Each structure stands twice: as structure tokens, then as C-alpha cells.
Amino acid sequence: MKRLGPFIASAAAGVLFVLAIPLTGLVDHAVHSGSKGLVDWYNQLAARQSIALRSAMTPVPDLDDPKMVMRGAGHYQLVCAACHGSPEAPAAQLAQDLSPAPPQLTYWRPDARLFQTVKYGIRHTAMPAWPTEMRDDEVWDMVAFLRRLPAMDADTYSQLAHGGAEPGSCASCHGEERQGRDGAFPRLDIQSPQYLANALTAFRDGSRPSGTMMAAARQLTNEQIAELADLYGLSRSLPPSGGSDLGRTIALEGIVSRDIPACERCHGATARVDFPRLAGQSADYLQRQLELFQKFGAERGGAHADIMAKVIEDALEEGPHRLEPEAMEALAEYYGQ
């Protein structure tokens, strides 16, 4: 034990020395251009290693879906392009005047590390976290886009990010005809004004988590929400695509053995206007929403999230209302386009 005494004392002294360094004020935390050096190297190394460690076991989904790239491009134009610029336009003047300036996004590490960075941000920098930790699907959309950004030309970016509509407008994602661009975004023309107003209000106050839509709706007034809801909500009736017999059965009859009601009771063309219509909606969007309800239950948000949570129920729990993944896929195929 006596032999360990000097070692323990030295270790304790070393720890106290490290803890005392910030108290001296010698560590320069200024961000002026002349502050590069050991502190910057240390902080950047720590950030890179932290990201590498925490992303090591992150499973990476298929990122080659063009719809994912388009959704990521739309969010990038809405939130990121002002600071980082895009193939279509340089960064905003405010960003160019910052010191240090936001970096151009020309090179990325492995996809899992990019996901970690986009979702959680980087402390002590201007890189924020994703607005909600519940929407990994949106973060992967951004990853799918960012890995293609360095080689993207202006025309390709323009088509992906807004399709010729005003950048950052509702039409840039949901289309001039309100039908959702290329099936990547939900169509709005089939919904009622009341449903769209409720949805925008939920996005604005954060009760329905979505990094993309929370950013789009956060500054809207009640009057603007009402105006947009009337403009885009046309209550247009469309037939389901009818692509799945199982989906048709669940939609029209439900699953009696599991106490799952028929979808048409709430979501049909003649159902209540405060429920979303499903027929004609993007199949990709429908399946995503079903998966979100299954994973998060009522926390997915929305006016009637508690009802959907009881119908679907988490896949990891046993219960009479459980809706299997193949049933969700069949429903999306039956209703969606």
C-alpha cells in the first residue's frame, strides 16, 4: 500500500491541475481569426472522436431512395442554405459576415457519423441539433441529400429543393397543385381546411414533432394558418388505389379479432372533417405515419393521436390492437399513390 501512495498522490495532483486550468483564464475561447491553435485542435478532435464513438453502432438504412433525397433537399433549402449556401446560391450576407464563417458542406465522413452530427449537433459551435429527437426518418432524409450535395449542380439542386416554385414556400414541397411533389411529400388537396389548420397549429406549438414542419410553421400567425388551410385544403375526393386485398379488408372491415376498427369509419370521404383523408395520399407518407404511431404512440402528436395509438400499439408490446408491419404496408398500398 505504501508503494501506491506516491502514485495516488501524483494522480490526485494531476486531476486537480487539470480542473484548475479553466480557473486561471489562460484558455482562450475567443472566436476571432487569430485564435487558431491548440484549443481549436483539442475541441475539434474531441468532437470528431465523440461523433465517431456514438455513431459506431448506428445502423444505416438504404439512402438511395430519390424521395429521401428530395425531402432532405427541401429542408436544406428551408433551414440550412442561408448559412451554408447551395449550388444555386451563395450563403446569405449575414452568414458571410460571420467570423468564423459557416463551412461549405463539401465533404462528409461515413453516413452514421453524419447522422449523429445532424441529429445532435455539435456543442460550442453554431451547429444545432435537429428540432426533435423523435424524427430519425427526417434526419436520414437529410443525410441522403447531404452525401450527394458536394457533386450536385445548380439545376439538379433547384429541381430537388423546390421544383421551380418559390424556394421555401409551401408549394416548393407540396406542389403548385397541392398534390405533393413526386410522391415525396404529402398531398394537401384531399384534406379539409379544418384538418390542415389543426395540423399547422400542432406543428407550430410543437405538439406534433417534425423538424421540417416545425421550422415551416413556427412563425405563422393564426390568420396565416387559416389562410393557408383554406388555400390548400380542397377536400378533394379520390378513390383508393386498391393495390392490396389485405389493405382493402382492413380499410373497409378492420380486424375484428384484434379489435381494430375499419379505417374508413374515421378517414373515409364522408367521415369527420377533422380527421385526415387517406385515399390518394402518398403511400410512402402513409407508411411513415403508421410507423411513427407504432413507435411513439400518442407522442407522435396530432388532434387524435391517442386514438391511433390505441389502434396500432407498439410492435414490442403484446395486445389486442397490435397492427403488424405487413398490415401497415398493405394499408399504405391500398390507399396510397
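Above this text is the structure in question.
This is a predicted model, so every value here is computed, not measured.

All right, on to helix 3 (residues 66–84) then. End to end, helix 3 covers just 22 Å across 19 residues, shorter than the expected 27 Å (1.5 Å per residue, more than 12% under). Gln 77 marks the point of greatest bend in helix 3, at about 55°. By the burial criterion, the buried members of helix 3 are Met 68, Val 69, Met 70, Arg 71, Gly 72, Ala 73, Gly 74, His 75, Tyr 76, Gln 77 and Ala 81. For helix 3, the elements touching its buried residues are helix 6 (136–146), helix 7 (154–161), helix 8 (171–174), helix 10 (211–217) and helix 14 (283–296). If you check the start of helix 3, you find a side-chain oxygen 3.0 Å away from the backbone N of Lys 67, and it comes from Asp 65. Gly 85, located one to two residues past helix 3, shows a positive phi value of around 75°.

Counting 27 residues, the largest nonpolar core has Tyr 76, Val 118, Met 142, Phe 145, Leu 146 and Tyr 157 as the members making the most contacts within it. Among the elements of the structure, helix 3, helix 5 (111–120), helix 6 and helix 7 are those that each provide at least two residues to this core. The element contributing the most residues to this core is helix 6, with seven residues. Excluding residues that lie within four positions of it along the chain, Tyr 76 makes contacts with Ala 81, His 84, Gly 85, Ser 86, Leu 105, Met 142, Phe 145, Leu 146, Leu 149 and Tyr 157.

Before going further, it helps to examine unusual backbone geometry. Backbone geometry at His 124 places phi at a positive 65°, although glycine is not the residue there. Within the fold, His 124 resides in the loop between helix 5 and helix 6. Even without being a glycine, Ser 235 presents a positive backbone phi close to 55°. Note on placement: Ser 235 falls in the loop between helix 11 (222–232) and helix 12 (245–253).

Time to look at the pattern of salt bridges. Using the criterion set out here, one finds 13 salt bridges in the structure. Residues Asp 141 and Arg 288 are paired through a salt bridge, measuring 2.7 Å at the closest nitrogen-oxygen approach. Within this pair, whereas Asp 141 is found in helix 6, its partner Arg 288 is found in helix 14, the two being separated by 147 residues in sequence. Owing to a relative accessible area of 3%, Asp 141 belongs among the buried residues under this scheme. Classification of Arg 288 by relative accessible area gives buried; the value is 14%. The closest approach of N and O atoms between Arg 187 and Asp 189, which form a salt bridge, is 2.7 Å. There is no split in this pair, since Arg 187 and Asp 189 are both buried. Ionic contacts of the salt-bridge type, sharing partners, join the residues Arg 71, Arg 135, Asp 137, Glu 138, Asp 141, Asp 284 and Arg 288 into one network.

Reading guide: rules and limits
- Residues numbered from 1 in each chain as written.
- Predicted model: local features only at pLDDT ≥ 70, side-chain atom pairs only at ≥ 80, totals over all residues.
- Heavy atoms only, no water.
- Helix = DSSP H or I, 4+ residues; strand = E, 2+ residues; numbered from the N terminus.
- Expected span 1.5 Å × (residues − 1).
- Bend = angle between axes of the 7 residues up to and from the residue.
- Buried < 20%, exposed > 50% of the residue type's maximum accessible area, 1.4 Å probe, protein only.
- Contact = heavy atoms within 4.5 Å.
- Polar contact = N/O pair within 3.5 Å; in protein donor to acceptor, adjacent residues only side chain to side chain.
- Core = buried A, V, L, I, M, F, W, Y, C linked by side-chain atoms within 4.5 Å.
- Salt bridge = Lys/Arg side-chain N within 4 Å of Asp/Glu carboxyl O.

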